[in-house]
Amino acid sequence: MYKLSEIIGKNVVSLFEAENTGTLVNVLFDKNLNKIRYFEVFSDEEEDVKRKFFDPPAVSSLCNDAVVIKNGGRLLSRFSIPPSFIPGPVNAAVYNPFGVALGRVTDVTLDGFNVVEINVGDKSFAPSAVLSKSEEILIINDTDEKIRLVPPAKKIPSPHEAAARTVKINSSMTVTSTTDESAHVEDNAAAIKPADTALSVSVIAESAEAEKSTLLQENAAETQARTGEARVTAMPVTQPEIKQTKEEVPPPAEVDVYKKIPVENVFVTRAPAAEDNKTPGYAFLIGKKLTRTIMLDDGTVLAAEGSEIDEKTLEKAGSANKLVLLALHSR
């Protein structure tokens, strides 16, 4: 067995890479404080300032001068481990269920990766004695009695206390459904009698449509009786029938296509002027000096090292396809 304080602060060495990956600063326990789930490493190097974690199976040696892990690939980031584990409770305030302060957690006794007891000053408590915990406070049962904590009751509102819910069916009608076994429909200024039993939203919508149609017919009858106008009858709207006829498409107009001119009928009427052979894209080389001698393909010298490039040199280089070479070796 060993204490948690004996391993906190040790260097964490990667066995395969033979490098120091950081300092062990904390451990993460499961929710019942029974086992170590992850070790926390902090690296403060200039190029690597962050926290990493490794699980117990990655440990090769624990209780010597350094904590040794098998390889650096076992190190994980904070987002790679579950958030449900809690850090070591060292320095957390401890109270019993009656509010008596028992002190602070000074250490944790471990056997391998299992928690044996939680040390609070001169006293020690088994993990099973912890009734509740947070990062700041531990509630520990220091009596021999069984104490069961009761979670807060979740109040479920009764149907009669539920607020009314309004569901919009269209722009001119709303359906208001309440849970006190009544429903009513508002259609502009006209109101419909509430039903005897509660209806679902879909049933209310169908009932509203039927009663809306009845109200429209009654309003039309009253209008006819007052003004003597013809009865208003809702006629279904039908789309006009579209007849598809096959139209005759005129044939495309003839397109004149240029015929290929035979080679024997092609004559050269004019040779390009000498100025057309200039390459204005390399005019920036004029005035620069060559850093090496440029040779033509037949072994003759195009331009000697140290000579100044002029238009004549540019024309010769263009005819011999040496412009790129001329640009590379000039300054």
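Overview of the structure. (Residues numbered from 1 in each chain as written. Predicted model: local features only at pLDDT ≥ 70, side-chain atom pairs only at ≥ 80, totals over all residues. Heavy atoms only, no water.)

**Overview of the pattern of salt bridges**
Working step 1: Going through the model one piece at a time under the given rule, you end up with three salt bridges.
Working step 2: Arginine 51 is the partner of glutamate 40 in a salt bridge, and the nearest nitrogen-oxygen pair spans 2.9 Å. Note that glutamate 40 is positioned in strand S4 (residues 36-45) and arginine 51 in strand S5 (residues 48-54), a separation of eleven residues in sequence.
Working step 3: For aspartate 297, the salt bridge identified is with lysine 322, shortest N-O distance 2.9 Å. Note that aspartate 297 is positioned in the loop between strand S19 (294-295) and strand S20 (301-303) and lysine 322 in the loop between helix H2 (311-319) and helix H3 (323-328), a separation of 25 residues in sequence. (Salt bridge = Lys/Arg side-chain N within 4 Å of Asp/Glu carboxyl O. Helix = DSSP H or I, 4+ residues; strand = E, 2+ residues; numbered from the N terminus.)

**A word on the packing of aromatic side chains**
Working step 1: Overall, the coordinates contain three aromatic pairs when judged by the stated rule.
Working step 2: A ring pair is formed by tyrosine 38 and phenylalanine 85, whose centres lie 5.7 Å apart and whose planes are at 45 degrees; its orientation type is tilted. Of the two residues, tyrosine 38 is situated in strand S4 and phenylalanine 85 in the loop between strand S7 (67-69) and strand S8 (86-87); the sequence distance between them amounts to 47 residues. Of the two residues, tyrosine 38 and phenylalanine 85, neither departs from the other in class, the shared state being buried.
Working step 3: Judged by centre distance (5.1 Å) and plane angle (15 degrees), the rings of phenylalanine 39 and phenylalanine 54 are stacked. Taken as a pair, phenylalanine 39 in strand S4 and phenylalanine 54 in strand S5 lie far apart in primary sequence, 15 residues in all.
Working step 4: Judged by its relative accessible area of 0%, phenylalanine 54 is buried. (Phe/Tyr/Trp six-rings, centres within 6.5 Å; stacked < 30°, edge-to-face > 60°. Buried < 20%, exposed > 50% of the residue type's maximum accessible area, 1.4 Å probe, protein only.)

**Digging into the environment of leucine 76**
Working step 1: Mapped onto the elements, leucine 76 comes out in the loop between S7 and S8.
Working step 2: For leucine 76, a relative accessible area of 27% translates into the label partly exposed.
Working step 3: C-alpha separation for the pair leucine 76 and aspartate 55, spaced 21 residues apart in sequence, amounts to 8.8 Å.

**Structural notes on the nonpolar core**
Within soluble globular proteins, side chains that are nonpolar tend to cluster in buried spots.
Working step 1: Phe29, Phe39, Phe54, Leu110, Val120, Leu138 and Ile140 are the most contacted members of the largest nonpolar core, which totals 32 residues.
Working step 2: Elements with a minimum of two residues in this core: strand S3 (19-29), S4, S7, strand S10 (101-111), strand S11 (114-120) and strand S14 (137-140).
Working step 3: For this core, the leading source of residues is S10, giving four residues.
Working step 4: Contacts of isoleucine 140, omitting those with residues within four sequence positions, involve Val94, Tyr95, Asn96, Pro97, Leu102, Val120, Phe125, Ala129, Val130 and Leu131.
Working step 5: The next biggest cluster of nonpolar side chains, apart from the first, holds ten residues, and it includes Leu290, Ala303, Leu314 and Ala317. (Core = buried A, V, L, I, M, F, W, Y, C linked by side-chain atoms within 4.5 Å. Contact = heavy atoms within 4.5 Å.)

**Considerations on the side chain of serine 330**
Working step 1: Residue placement: serine 330 occurs in the segment after H3.
Working step 2: Residue classification places serine 330 among the buried residues on the basis of a relative accessible area of 14%.
Working step 3: Among the polar contacts made by the side chain of serine 330, one reaches the main-chain carbonyl oxygen of leucine 326 at a distance of 3.1 Å.
Working step 4: At a separation of 3.3 Å, a polar atom in the side chain of serine 330 contacts the main-chain carbonyl oxygen of alanine 327.
Working step 5: In contact with serine 330, not counting residues within four places along its chain, are Leu285, Lys288, Lys289, Leu290, Thr291 and Ile309. (Polar contact = N/O pair within 3.5 Å; in protein donor to acceptor, adjacent residues only side chain to side chain.)

**Re the pairing of strand S13 (residues 130-133)**
Working step 1: Two strands pair when backbone bridges link them, and S13 and S14 are joined in this way by three bridges, in the antiparallel orientation. Across the sheet, residue serine 132 finds its bridge partner in S14, namely isoleucine 139.
Working step 2: Linkage of S13 to S14, two consecutive antiparallel strands, is achieved through a turn of three residues. (Pairing = 2+ DSSP bridges.)

**Digging into the pairing of S3**
Working step 1: Bridge analysis of strand S2 (residues 11-14) against S3 gives four bridges, and the strand direction is antiparallel. Bridge assignment links asparagine 11 to a residue of S3, and that residue is threonine 23.
Working step 2: Taking the residues between adjacent antiparallel strands as the criterion, S2 and S3 are bridged by four residues, where alanine 18 takes a positive phi near 55 degrees.
Working step 3: Pairing geometry for S3 and S8, over two bridges, is antiparallel. Along S8, the bridge assignment pairs phenylalanine 29 with isoleucine 86.

**A closer look at unusual backbone geometry**
One can expect most non-glycine residues to show negative phi and most peptide bonds to be in trans.
Working step 1: One non-glycine residue with positive phi stands out, namely leucine 33, at about 55 degrees.
Working step 2: Here asparagine 321, not a glycine, exhibits a phi torsion of approximately 60 degrees, which is positive.
Working step 3: Position of asparagine 321 relative to the elements: it lies in the loop between H2 and H3.

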